[in-house]
Amino acid sequence: MMTTVMAGFQVLPNGKDMETNGILPHIVKVIEDSGLKHEVGPMETVVEGSMADVLTLLEKTQKIAIEDGATEVITNVKLHYRPEGISIENKEQ
């Protein structure tokens, strides 16, 4: 069984969080379509899944931002790992 990790991340197309020309809603759609458990918040998005799935999603969000017209992407990431796994519900308690 793979250990579940949790990642809080913020994607900043063009290195800023404004004037993104609709890129952020497209990134949110990619997150929603990932199948990973997630919570989209005003400052960051939190996802839960295997390390490989989480990192793959982060790569997809960066690629989609570039495909949508960003010239660069800054992604701030926090990873929470425990050998026995972690979930969004665990963090809310």
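The structure this text deals with has already been given above.
Described below are features of the structure shown in this document. (Residues numbered from 1 in each chain as written. Predicted model: local features only at pLDDT ≥ 70, side-chain atom pairs only at ≥ 80, totals over all residues. Heavy atoms only, no water.)

We now examine the sheet that holds strand 3 (residues 45–50). Ordered by their spatial adjacency, four strands build an open sheet running 2-3-1-4, and the pairing between neighbours is antiparallel. Edge positions in the open sheet fall to strand 2 (37–40) and strand 4 (73–80), since each of these has one partner strand only. Here the average twist between neighbouring strands, direction ignored, is 25°. Sheet topology places strand 2 next to strand 3; four bridges connect them, and they run antiparallel. When the bridges of strand 3 are listed, Val40 appears paired with Thr45. Along the sheet, helix 1 (residues 23–33) contacts strand 1 (4–13), strand 2 and strand 3; its crossing angle with strand 1, the most-contacted strand, is approximately 165°. (Pairing = 2+ DSSP bridges. Helix = DSSP H or I, 4+ residues; strand = E, 2+ residues; numbered from the N terminus. Axes fitted to C-alpha atoms, helices over the stretch in contact; angles between N-to-C directions. Contact = heavy atoms within 4.5 Å.)

On to the side chain of Ser87. Locating Ser87 in the fold gives a position in the loop between strand 4 and helix 3 (88–92). Those residues in contact with Ser87 that lie beyond four places of it in its chain are Met6 and Glu48.

Attention shifts here to the pattern of salt bridges. All told, the structure shown has four salt bridges when counted by the stated rule. The residue Asp33 makes a salt bridge to Lys29 at a minimum N-O spacing of 2.9 Å. Here Asp33 and its partner Lys29 are both found in helix 1, four residues apart, which amounts to about one turn of the helix. According to the relative accessible area criterion, Asp33 is exposed, its value standing at 53%. The partner of Glu59 in a salt bridge is Lys63, with the nearest N and O atoms 3.4 Å apart. With Glu59 and Lys63 both in helix 2 (residues 51–67) and four residues apart, this pair spans about one turn of that helix. (Salt bridge = Lys/Arg side-chain N within 4 Å of Asp/Glu carboxyl O. Buried < 20%, exposed > 50% of the residue type's maximum accessible area, 1.4 Å probe, protein only.)

Before going further, it helps to spend a moment on helix 1. Those residues of helix 1 not exposed but buried are Ile23, Ile27, Val30 and Ile31. Seen along its axis, helix 1 keeps its buried residues to an arc of 100°; they face one direction. Structural note: helix 1 exposes Pro25 and Asp33 on the side pointing more than 90 degrees away from its buried face. (Arc of directions from axis to C-beta.)

What follows is about the side chain of Thr45. Here Thr45 shows up in strand 3. Excluding its chain neighbours within four sequence positions, the residues that come into contact with Thr45 are Ala7, Gly8, Phe9, Ile31, Glu39 and Val40.

On to the nonpolar core, then. Of all hydrophobic cores here, the largest spans 17 residues; its most connected members are Phe9, Ile27, Ile31, Val47, Val54, Leu57 and Ala65. Listed by contribution, the elements that provide at least two residues to this core are strand 1, helix 1 and helix 2. (Core = buried A, V, L, I, M, F, W, Y, C linked by side-chain atoms within 4.5 Å.)

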